[in-house]
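Breakdown of the fold
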Amino acid sequence: MTPPTTPIALNVYDDSAGLARALAAHVAEALRRRIARDGTASLAVSGGRTPLAFFETLSGAPIDWSRVAVTLVDERWVPETSDRSNAALVRHHLLKGPAAAARFVPLYTGAATPEDGLAEAAGRVAALPSPFAAVVLGMGDDGHTASFFPGAETLAAAIDPATPEILAAVRAEAAGEPRITFTLPRLVSADTLVLHIEGMTKRAVLERACAGGPVEELPIRSVLRARAPLDVMWCP
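Now for a look at the structure at hand.

Rules used throughout
Residues numbered from 1 in each chain as written. Predicted model: local features only at pLDDT ≥ 70, side-chain atom pairs only at ≥ 80, totals over all residues. Heavy atoms only, no water. Pairing = 2+ DSSP bridges. Helix = DSSP H or I, 4+ residues; strand = E, 2+ residues; numbered from the N terminus. Axes fitted to C-alpha atoms, helices over the stretch in contact; angles between N-to-C directions. Buried < 20%, exposed > 50% of the residue type's maximum accessible area, 1.4 Å probe, protein only. Arc of directions from axis to C-beta. Contact = heavy atoms within 4.5 Å. Core = buried A, V, L, I, M, F, W, Y, C linked by side-chain atoms within 4.5 Å.

1. Thoughts on the sheet that holds strand E3 (residues 68–72)
Taken together, seven strands build an open sheet; the order of strands is E1-E10-E9-E6-E2-E3-E5 and the sheet is parallel. Pairing within the sheet leaves two strands with one partner each, and these edge strands are strand E1 (8–12) and strand E5 (103–105). The mean inter-strand angle of the sheet, taken between neighbouring strand axes irrespective of direction, is 20°. Relative to E5, E3 is paired through three bridges, and the arrangement is parallel.

2. Thoughts on helix H7 (residues 200–210)
Within H7 the residues assigned to the buried category are Lys-202, Val-205, Leu-206 and Ala-209. Down the axis of H7, the buried set is contained in an arc of 100°. They therefore lie on one face. Its buried side turned inward, H7 meets strand E9 (192–198), helix H8 (220–224) and strand E10 (230–235). Gly-212 lies just past H7 and shows a positive phi near 105°.

3. Observations concerning the nonpolar core
Note on soluble globular proteins: their nonpolar side chains tend to be buried together. Core analysis: the largest hydrophobic core is formed by 84 residues, its most contacted members being Phe-54 and Leu-58. Take this core: its biggest share by element is nine residues, from helix H1 (residues 16–38). Setting aside anything within four residues of it in sequence, one finds Leu-58 in contact with Ala-24, Val-27, Ala-28, Leu-43, Ile-63, Trp-65 and Leu-94.

4. Quick word on the sheet that holds strand E8 (residues 179–182)
Pairing is antiparallel across the open sheet formed by three strands, whose spatial order is E4-E8-E7. The sheet is open, and its two edges are formed by strand E4 (74–76) and strand E7 (167–170), each paired on a single side. Taking each pair of neighbouring strands and ignoring which way they run, the sheet shows an average axis angle of 15°. The pairing of E7 with E8 spans four bridges and is antiparallel. Directly across from Ala-168, in E8, lies its bridge partner Thr-181. Here helix H4 (residues 114–126) sits on the sheet in contact with E7 and E8, set at roughly 155° to E7.

Spelled out as structure tokens, the structure:
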């Protein structure tokens, strides 16, 4: 079995509020560094309930948000009117206050399927400042990150370190809706790569992933083996 090769920094916090503050400060600094260097910066965030406190905190960070582009690591193929939309979550919790000045680039295009919308979505994100200044990943109890799900039809292609594709359409039983996701190399090339997880269950999943085993079983292993520095931020 191949062990992880990514240098991992495990940062432990007492609670979700402390983690959210630290993560927001970490991401804000990454954005400021890139803006100072290049004049613009891009950020990719994950959806779900876990990052909400982080979004709320980051939204007020003193950054020149007009120079920042925000997108999603992955998205369910649903319109923003759906309560399952990650884009709606980001608009409501992150893109407000000072952060309302940021440019948001959603992945959902309105096409009937992610396969149908893939080319348009790829065209949208191709114009983002690259590589990302920061990428914030999450992880499910099944070891998925982004939309790299165990059993996904396109998993091997999406996590291929050599893929030239920016995005991939994903279908998997555990995913619920069809999805669209950035491919592995686009995510792990970020200046600052973070895995944000909370709870003992996810800590145990991460430890199991670090111990080695098939990527197909726990796709987070594709990130751990990508040879990109990874900051893990966790609280019980």
